[in-house]
Structure formats: structure tokens, C-alpha cells
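Breakdown of the fold
Each chain, letter by letter, is given below.
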Amino acid sequence: MTARILIVEDEAKLARLLADYLVAAGYEADCLGDGREVVPWVKAHAPDLVVLDLMLPGRDGLEVCRDIRAFSAVPIIMATARAEEIDRLLGLELGADDYICKPYSPREVVARVKAVLRRMQPAPSGAPPHEGLILDEAGFRVRSTSGEVELTAVEFHLFATLYREPGRIFSRGQLMDRIYSDQRIVSDRTIDSHIKKLRKKLAEVCPQVELIHSVYGAGYRYELA
Ligand code: CA
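Residues numbered from 1 in each chain as written. Predicted model: local features only at pLDDT ≥ 70, side-chain atom pairs only at ≥ 80, totals over all residues. Heavy atoms only, no water.

Looking only at helices and strands, the protein has eight helices and 11 strands in total. In terms of overall dimensions, the protein is globule-like: its C-alpha atoms have a radius of gyration of 19 Å, near the 17 Å expected for 225 residues. Taken along the three principal axes of its C-alpha coordinates, the protein extends 55 × 45 × 30 Å. Per-residue burial over the protein gives 47% buried out of 225 residues. In the protein, 58% of the contacts between residues at least 6 apart in sequence involve partners at least 24 apart. As displayed, the protein has an accessible area near 11700 Å², and 52% of this comes from carbon and sulfur atoms. Looking at charge distribution, the protein has the averaged site of its 30 positive side-chain charges lying 2 Å from that of its 34 negative ones. (Helix = DSSP H or I, 4+ residues; strand = E, 2+ residues; numbered from the N terminus. Rg over C-alpha atoms; globule rule 2.2 N^0.38 Å. Buried < 20%, exposed > 50% of the residue type's maximum accessible area, 1.4 Å probe, protein only. Contact = heavy atoms within 4.5 Å. Areas by Shrake-Rupley, 256 points an atom, 1.4 Å probe, with all protein chains shown as cover. Lys, Arg positive; Asp, Glu negative; His and termini not counted. Charge placed at Lys NZ, Arg CZ, Asp CG, Glu CD.)

For the protein, mean pLDDT is 87; residues scoring 70 or higher make up 92% of the total. Segment residues 125–129: pLDDT under 50, and zero contacts once partners within four positions in sequence are set aside and those in other chains are kept. (pLDDT = per-residue confidence, 0-100.)

Strand residues, when the strand is regular, have side chains that alternate between the two faces of the sheet. Of all five residues that make up strand β1 (residues 4–8), four are buried, and the element is covered over most of its length. Of the pairings in the sheet, the one linking β1 to strand β2 (residues 28–32) comprises five bridges and is parallel in character. What sits directly across from Ile5, in β2, is Ala29. Crossover connection from β1 via helix α1 (residues 12–24) to parallel β2: handedness right-handed. In the sheet, β1 pairs with strand β3 (residues 49–53) via four bridges, with the strands oriented parallel. The residue bridging Ile7 from the neighbouring strand is Val51, located in β3. (Pairing = 2+ DSSP bridges. Right-handed = clockwise from strand over helix to strand, strands pointing away.)

This brings us to the sheet that holds strand β7 (residues 141–144). By way of backbone hydrogen bonds, the strands of a sheet pair with one another, either parallel or antiparallel. Ordered by their spatial adjacency, three strands build an open sheet running β6-β7-β8, and the pairing between neighbours is antiparallel. Only two strands of the sheet have a single partner each, and these edge strands are β6 (134–136) and β8 (147–150). Strand after strand, the sheet turns through a mean of 20° between neighbouring axes, direction not considered. Taken together, the three bridges between β6 and β7 define a ladder with antiparallel strand orientation. If you follow Ile134 over to β7, its bridge partner there is Arg143. Those strands touched by helix α6 (residues 153–164) are β6 and β7, and its axis lies near 140° from that of β6. (Axes fitted to C-alpha atoms, helices over the stretch in contact; angles between N-to-C directions.)

Another aspect to go through is the nonpolar core. Formed by 29 residues in total, the largest nonpolar core has its most connected members in Leu52, Ile76 and Met78. Listing elements by their share of this core, those giving two or more residues are β1, α2 (38–45), β3, α3 (61–69), β4 (76–80), α4 (83–92) and β5 (98–101). The contact partners of Ile76, leaving out residues within four places of it in the chain, are Val50, Leu52, Cys65, Ile68, Arg69, Ala96, Asp97 and Asp98. Ranked by size, the runner-up nonpolar core spans 26 residues in total, among them Leu135, Ile179, Ile191 and Ile195. (Core = buried A, V, L, I, M, F, W, Y, C linked by side-chain atoms within 4.5 Å.)

This is how it looks when you write it as C-alpha cells:
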């Protein structure tokens with residue numbers, strides 16, 4: 001069945017271009033340009049995913065996202081022109097599934113749409129949620145079929161936070177909140193450097209698989225892709 005994507009974007013040319021790329025990728029695509037039109041449309045047509053611009057005439061993307069979440073769990077990708085904005089949006093916990101920064105390439109949006117839809121598919125029954133990856137909480141270790149690796153306490157808590165909610169984007173600030181009780185001792189860069197070390201260690205037990213993904217302007221997420 002063809003997935004139906006709703007593009008909410010007031011720049012008509014951009015919306016049209018994105019629609020063309022989505023259709024070329026095998027999706028159905030519809031466009032709306034006014035924030036007030038979105039809720040009735042979603043109720044009437046039940047799309048499979050919504051690409052939602054933040055700045056819209058009528059009603060802004062933030063409000064529209066909240067309105068949709070009041071009655072639907074449809075995946076939402078929020079688009080914003082400011083990378084710094086994403087951190088604030090994450091903090092509001094709007095319930096969007098991904099964030100993308102403008103200007104974006106339509107190809108990039110298509111890739112994100114694919115990834116979000118794939119994430120929404122239920123795992124085949126009986127399959128373990130994280131194939132072959134075991135967290136040893138007592139020993140701060142991660143095990144896989146190819147071996148095991150020891151993490152520092154900080155690395156372990158960092159990884160466990162991401163791992164327990166696959167697909168969820170955590171901003172650096174949120175990760176710091178989870179890991180450190182005393183925020184004064186850390187900076188954004190500290191998180192980045194721990195992530196770097198963590199990735200290197202994980203590569204020892206899960207070679208050729210990227211487990212921790214950077215989300216540009218937003219933070220990090222765990223995804224077994
Ligand atoms: Ca706009």
C-alpha cells in the first residue's frame with residue numbers, strides 16, 4: 001500500500017518540489033499551505049506521515065503539532081529554518097518524530113520520511129528489540145555476538161539513555177540532565193567527546209553498524225539501522 005504524505009509548507013514552490021520527489025520515491029503526496037487547514041485535513045484523510053513547517057500563516061507549526069497530537073499518533077517531521085530552534089523544540093516535547101533544518105534538499109527529506117516510516121513499523125513478533133545487543137548494567141558492559149566492551153560509567157549511562165528509547169532524539173542538554181547531577185562541570189562539547197569515544201567502543205562489538213546517529217542541529221539518537 002502506498003504511504004500518503006502530507007506536506008504543510010507555505011512556500012508553494014518548495015512544497016511542489018518536495019511533493020515531486022516523494023511521488024518519484026513511490027509515495028502519494030498532498031500539500032497544504034495554511035496552518036488552519038491541517039487538522040480538518042488530517043482528520044478527513046488520515047495520512048501516514050506529516051512534514052510540518054514551523055512558520056506558517058494561520059496557525060504556526062508548533063500549535064498545529066500539538067493539535068494533531070491531541071487526536072492522532074501520525075508521525076510528524078518538523079521543518080525549521082533555524083538549527084538553534086530544534087533544541088528548544090525538543091525541550092517542549094511536542095511529540096514530533098524528527099526535525100529537519102531548512103534549507104534542506106528534497107532528497108534528504110525523502111530519506112528522513114523513509115527512516116521514520118520504517119521506525120514506525122512494528123518489529124516482527126518474537127524478534128528481540130535490539131538484535132544481539134545486551135547491556136550489562138552491573139558491569140557497565142555492552143555485549144554482542146562478536147564480543148564485549150567495557151564502558152566508563154558516563155559512557156554507559158549515555159548509551160543506556162539512547163538505547164532504551166530507540167529512535168528518540170535527545171538534545172545534548174537532555175543527555176547532560178540524564179547523566180550528570182552537577183551540570184556546572186560539563187559543556188555540550190563534553191557530550192560530543194563522550195559520544196565519540198562511545199562510538200569507537202561500540203564499533204568493536206558492532207562493526208559496520210552505526211548505532212548512534214547525529215541529528216544535525218538537534219542531538220543524538222540510537223537506531224539500529
Ligand atoms: Ca514557512
